[in-house]
Amino acid sequence: MLRVTVVFVVSVWVVPVVTQAPATVFLEEMTWMEVRDAIAAGTRTVIIPTGGTEQNGPHMVLGKHNYLVRYKAGEIAKQLGGTLVAPVMAYVPEGNIDPPSGHMRFAGTINTPQDVFEQVLEYAARSLVQHGFTDVVLTGDSGGNQSGQQAVADLLNAEWRGSLRRVHHVTAYYPGPGDEWLLAQGETREDVGSHASIHDTASLLYLNPSMLRLDRLGQGVAGDGTGLIGNAARSTREYGGQILSLQIAAAVQQIQELKRAGQR
């Protein structure tokens, strides 16, 4: 009997895997290799945003600062180019715990002591510089964060004097030009207020109204127990878009100036 053996030849095409750069500026959305490659390609600036978990009146969620500073840091990074954004520091100084003071008098607020806040910020900056970033930018969305950021910038800049490494505390970011712009639109200083009022409420109306309780927009004064100081009911989406643009532009301009000064 004649036996016939049939051999099938299968051609296998090997398709090369092409790795694309991630379409994000946020470190937490990248792999370590993507961060490494971005640094090697010339990305040397990184923003550390600081927010806060605190009361924001009866109409606004506790995470307001964290949401807003992350969004604005991302926009700043895109406009600067060659810049990434570290995760938001969400626990910041908010008052004393016992007896409670400041925002700690309101449920949900989380406080970090000043020295702890500064040390976490310091070691975040040290970590990022170790990986190859040379310009660390500190943007704080809350008034209580500003002195700590300045202290960390002063400490590390003194240590790194004479090197290419610099820490930039951005003073043009907070509160930014938004409040003065509102006054120029005819709003009163009382309505503009100083906490959880038009500035932030309007910004969230523009970006994410789900973070607001629209049926609770109202007016508050210091000491009335609401946590709101100003008139949130005066907020509009149009105000929010303009305030965000002004704040982002002011920060970008100052960061560019600080980086140029650090290169001299």
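Residues numbered from 1 in each chain as written. Predicted model: local features only at pLDDT ≥ 70, side-chain atom pairs only at ≥ 80, totals over all residues. Heavy atoms only, no water.

### Some remarks on the overall build of the chain
And step 1. A tally of regular secondary structure across the chain gives eight helices and six strands.
And step 2. If you list the helices and strands of the chain from N to C, you get α-β-α-β-α-β-α-β-α-α-α-β-β-α.
And step 3. Taken against the 2.2 N^0.38 rule, which gives 18 Å for 264 residues, the C-alpha radius of gyration of the chain at 24 Å runs more than 25% over that of a compact globule.
And step 4. Along the three orthogonal principal directions, the C-alpha set of the chain runs to about 105 × 55 × 40 Å.
And step 5. Within the span of the chain, comprising 264 residues, buried residues form 46% of the whole.
And step 6. For the chain, restricting intrachain contacts to residue pairs at least 6 apart in sequence, the fraction spanning at least 24 positions comes to 75%.
And step 7. Carbon and sulfur atoms make up 55% of the accessible area of the chain, which totals about 14,000 Å².
And step 8. Positive and negative side-chain charges of the chain, numbering 20 and 25 respectively, have mean locations separated by a distance of 9 Å. (Helix = DSSP H or I, 4+ residues; strand = E, 2+ residues; numbered from the N terminus. Rg over C-alpha atoms; globule rule 2.2 N^0.38 Å. Buried < 20%, exposed > 50% of the residue type's maximum accessible area, 1.4 Å probe, protein only. Contact = heavy atoms within 4.5 Å. Areas by Shrake-Rupley, 256 points an atom, 1.4 Å probe, with all protein chains shown as cover. Lys, Arg positive; Asp, Glu negative; His and termini not counted. Charge placed at Lys NZ, Arg CZ, Asp CG, Glu CD.)

### Digging into the packing of helix H7 (residues 198-207) against helix H8 (residues 237-262)
And step 1. Contact pair H7 / H8: the axes reach a minimum separation of 7 Å and the direction vectors enclose 105°. Taken together, the axes of H7 and H8 lie roughly perpendicular to each other. In this structure, H7 uses Ile198, His199, Ala202, Ser203, Leu205, Tyr206 and Leu207 to contact H8, whose residues at the interface are Arg237, Tyr239, Gly240, Gly241, Ile243, Leu244 and Gln247.
And step 2. Taken together, the residues of the contact of H7 with H8 break down into eight nonpolar, five polar and one charged. (Axes fitted to C-alpha atoms, helices over the stretch in contact; angles between N-to-C directions. Parallel < 35°, antiparallel > 145°, perpendicular 65-115°, else oblique. Nonpolar A, V, L, I, M, F, W, Y, C, P; charged D, E, K, R; others polar.)

### Topic: the pattern of salt bridges
And step 1. Within the structure shown, the criterion is met by ten salt bridges.
And step 2. Here Arg70 ties to Glu28 by a salt bridge, and the two come within 3.3 Å at their closest N and O atoms. Of the two residues, Arg70 is situated in helix H2 (residues 64-80) and Glu28 in the segment before helix H1 (32-40); the sequence distance between them amounts to 42 residues.
And step 3. A salt bridge links Glu159 to Arg126, with the shortest nitrogen-to-oxygen separation between them at 2.7 Å. (Salt bridge = Lys/Arg side-chain N within 4 Å of Asp/Glu carboxyl O.)

### Notes on the environment of Gln130
And step 1. Mapped onto the elements, Gln130 comes out in helix H3 (residues 114-130).
And step 2. Note on Gln130: relative accessible area 66%, which makes it exposed.
And step 3. In the structure, Gln130 is positioned 21 residues away from Thr109 in sequence and 33 Å away in space, judged by C-alpha atoms.

### Comments concerning the sheet that holds strand S4 (residues 166-169)
And step 1. One open sheet accounts for four strands, arranged S2-S1-S3-S4; its pairing is parallel. Of all strands in the sheet, those bounded by a partner on one side alone are strand S2 (83-85) and S4. Across the sheet, the mean angle from the axis of one strand to that of its neighbour is 25°, orientation sign disregarded.
And step 2. Pairing analysis gives four bridges linking strand S3 (residues 135-140) to S4, with the strands arranged parallel. Bridge pairing links Asp135 to Arg166 in S4.
And step 3. Along the sheet, H3 contacts strand S1 (45-50) and S3; its crossing angle with S1, the most-contacted strand, is approximately 160°. (Pairing = 2+ DSSP bridges.)

### Examining the confidence of the model for the chain
And step 1. Averaged over every residue, the pLDDT of the chain is 93; the share at 70 or more is 91%.
And step 2. Segment residues 6-19 is flagged for pLDDT under 50; beyond a separation of four residues in sequence, or across chains, it makes zero contacts in the model. (pLDDT = per-residue confidence, 0-100.)

### Comments concerning the packing of aromatic side chains
And step 1. Overall, the coordinates contain one aromatic pair when judged by the stated rule.
And step 2. On the numbers, 5.7 Å between centres and 85° between planes, the contact of Trp181 with Tyr239 is edge-to-face. Residue Trp181 is located in helix H5 (residues 178-184), and its partner Tyr239 is located in helix H8; the two are separated by 58 residues in the primary sequence.
And step 3. A relative accessible area of 21% places Trp181 in the partly exposed class.
And step 4. Cation over ring: Arg70 sits above Phe26, and NZ or CZ is 3.8 Å from the ring centre.
And step 5. Sitting over the ring of Tyr123, Arg126 keeps its end group 5.6 Å from the ring centre. (Phe/Tyr/Trp six-rings, centres within 6.5 Å; stacked < 30°, edge-to-face > 60°. Lys NZ or Arg CZ within 6 Å of the ring centre and 35° of its normal.)

### Observations regarding the nonpolar core
And step 1. Counting 24 residues, the largest nonpolar core has Ile48 and Val136 as the members making the most contacts within it.
And step 2. The set of elements that each furnish at least two residues to this core consists of H1, S1, H3, S3 and helix H4 (146-159).
And step 3. The element that contributes the greatest number of residues to this core is H3, accounting for five residues.
And step 4. Beyond its immediate sequence surroundings of up to four residues, Ile48 is in contact with Ala86, Met89, Leu121, Ala124, Ala125, Leu128, Val136, Val137, Leu138 and Thr139.
And step 5. By size, the runner-up hydrophobic cluster in this structure holds 16 residues, among which are Phe26, Ile76, Val85 and Val137. (Core = buried A, V, L, I, M, F, W, Y, C linked by side-chain atoms within 4.5 Å.)

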